[in-house]
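Below, each chain spelled out in residue letters.
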Amino acid sequence: METVRFSETLNFDDGSIEIKYKGVSLREDSNESEVRRMLRDFVDNHKHDDMLKNVTILRTIFRDYMEESLDVYFCDKNGKEAVRYDNVCGVNGFGFIKEVKSDASCKYKIKYDSVSGLEIKWFNEAGNIKKYSDDLSDIMKYISNLSNVDPIVINDNDKALIEIYKLFYKENPDFSSKDINVKVQTMMSILAEFGITLDCDYSFSLMTKLKMPFSLKLEEMVQKMYPFGVVDEVQDNIKLAEEPKKIIRIVGDSIRDVISLEDDMNDALITISKVIYASSYNLSSNADISEIAEFTNRSVDDVEASVQLVKRIEHKINKDD
């Protein structure tokens, strides 16, 4: 197969980022347009001052390609940094340049490549031997980590979350979507009421202002999977048991049946999630509709509709047993 090239640049107020990639597709059905979309999204919508994270995300975006070369350049008011990876005739090369500023003046410059080794120039640190030693140790660890960056690997819980999402929403998850965290948080919070959970600790707590059940662990999982973009299939997929699949379908279908417009989906999901959580964990078991409405800051009508929906879902699940 022929070499494919990708490149993107973004200039901002006090700096820029530039990415160049060459690779050969490992799959005949690789989605080049999706890769280009994700690369543009990454450049436009993310911070880039962590080069390890940059390369990890990029190699995940390009996971369906055999890398021939990858160049990343970033600069801002704190300095500049560039990495280059290349694969020539099966030999991997790595180059790295970094300039760190302190109070608008240069603190140190580093240059490394796999052929000529390491070169460091220090500025304004005269006589501080311990400082040299500490910085050098950190620099060597950083270079070692940068030279061996792998794509993100999704684990069994990530795979289970993807399958649950597909069953619940009847669509493929887009982990680059601005709505994805709300959709995952509310979905898993609602499903917990019906006994559907992942095999990991992702306990919910209330977000102070919204009073919406929120899991930091789930947010971490969603953020980790950002570079995968739209996920239509997963290698070595997780097979869910029939009973959980049935419950997930019933809950998802029941909610989508009562939400006619896509624009209303997130707000409705948040309402249902808040009502369930408040009723189960925050208020007494005999709390009435008005108490739940006051606690969740939702209208009495919306709370009543959510309570009735939960009852209908429970009825459908029990009826199908």
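Criteria and cut-off values
Once a new chain begins, its residue numbering starts again from 1 and follows that chain's sequence as written. Given that this is a predicted model, residues contribute local features only at a pLDDT of at least 70 and side-chain atom pairs are listed and counted only at 80 or more, while totals for whole chains, interfaces and linings are drawn from all residues. Side-chain measures were taken over the full set of non-hydrogen atoms in the model, leaving aside hydrogen atoms and water. Each helix is a run of DSSP H or I of at least 4 residues and each strand a run of E of at least 2, with the numbering of both proceeding from the N terminus. Burial classes follow relative accessibility: with a 1.4 Å probe on protein chains only, a residue under 20% of its type's maximum area counts as buried, one over 50% as exposed, and anything between as partly exposed. Contact criterion: two residues are considered in contact whenever any of their non-hydrogen atoms come within 4.5 Å of each other. Two strands form a pair only when DSSP identifies at least two bridges running between them. Aromatic pairs are defined between Phe, Tyr and Trp rings, using the six-membered ring for Trp, whenever the two ring centres lie within 6.5 Å; interplanar angles under 30 degrees are classed as stacked, those over 60 as edge-to-face, and all others as tilted.

Q: Give a detailed account of the environment of leucine 161, specifying residues and quantitative values.
A: For leucine 161, the location among the structural elements is in helix α4 (residues 156-169). Leucine 161 gets classed as buried once you look at its relative accessible area, which sits at 1%. When the C-alpha atoms of leucine 161 and alanine 241 are compared, they prove to be 14 Å apart, with 80 residues separating the residues in sequence. Aside from chain neighbours lying at most four places away, what touches leucine 161 is Val184, Met187, Met188, Leu198, Met221 and Met225.

Q: Tell me about the pairing of strand β1 (residues 3-12), residues and numbers included.
A: In this sheet, strand β2 (residues 15-25) lies alongside β1 in antiparallel orientation, the contact comprising ten bridges. Bridging across to β2, asparagine 11 finds its partner in serine 16. A loop of two residues connects β1 with β2, the two strands running antiparallel in sequence.

Q: Outline the packing of aromatic side chains, listing residues and values.
A: According to the stated counting rule, one finds twelve aromatic pairs in the structure shown. Relative to tyrosine 112, the ring of phenylalanine 94 has its centre 6.0 Å away and its plane inclined at 45°; by these criteria the two rings are tilted. Of this pair, phenylalanine 94 sits in strand β5 (residues 91-102) while tyrosine 112 sits in strand β6 (residues 105-113), and the two are 18 residues apart along the sequence. Using a relative accessible area of 8% as the deciding quantity, one classes phenylalanine 94 as buried. Here the aromatic rings of tyrosine 165 and tyrosine 169 are separated by 4.6 Å at their centres, their planes lie at 45°, and the arrangement is tilted. Within this pair, tyrosine 165 and its partner tyrosine 169 are both found in helix α4, separated by four residues, close to a single helical turn. In this structure tyrosine 165 comes out as buried when scored by relative accessible area, which is 3%. Three or more aromatic residues joined by ring pairs make a cluster, and in this case those are Phe6, Tyr21, Phe62 and Tyr65.

Q: An account of the side chain of lysine 183 is requested, with residue identities and associated values reported.
A: Within the secondary structure, lysine 183 is located in helix α5 (residues 180-192). Given the relative accessible area of 8%, lysine 183 is considered buried.

Q: Break down unusual backbone geometry for me, with residues and values.
A: One non-glycine residue with positive phi stands out, namely aspartate 236, at about 55°. If you trace the backbone, aspartate 236 turns up in the loop between α6 (216-224) and α7 (242-258). We note that asparagine 297 has phi near 60°; this positive angle belongs to a residue other than glycine. By the secondary structure assignment, asparagine 297 is in the loop between α9 (289-296) and α10 (300-319).

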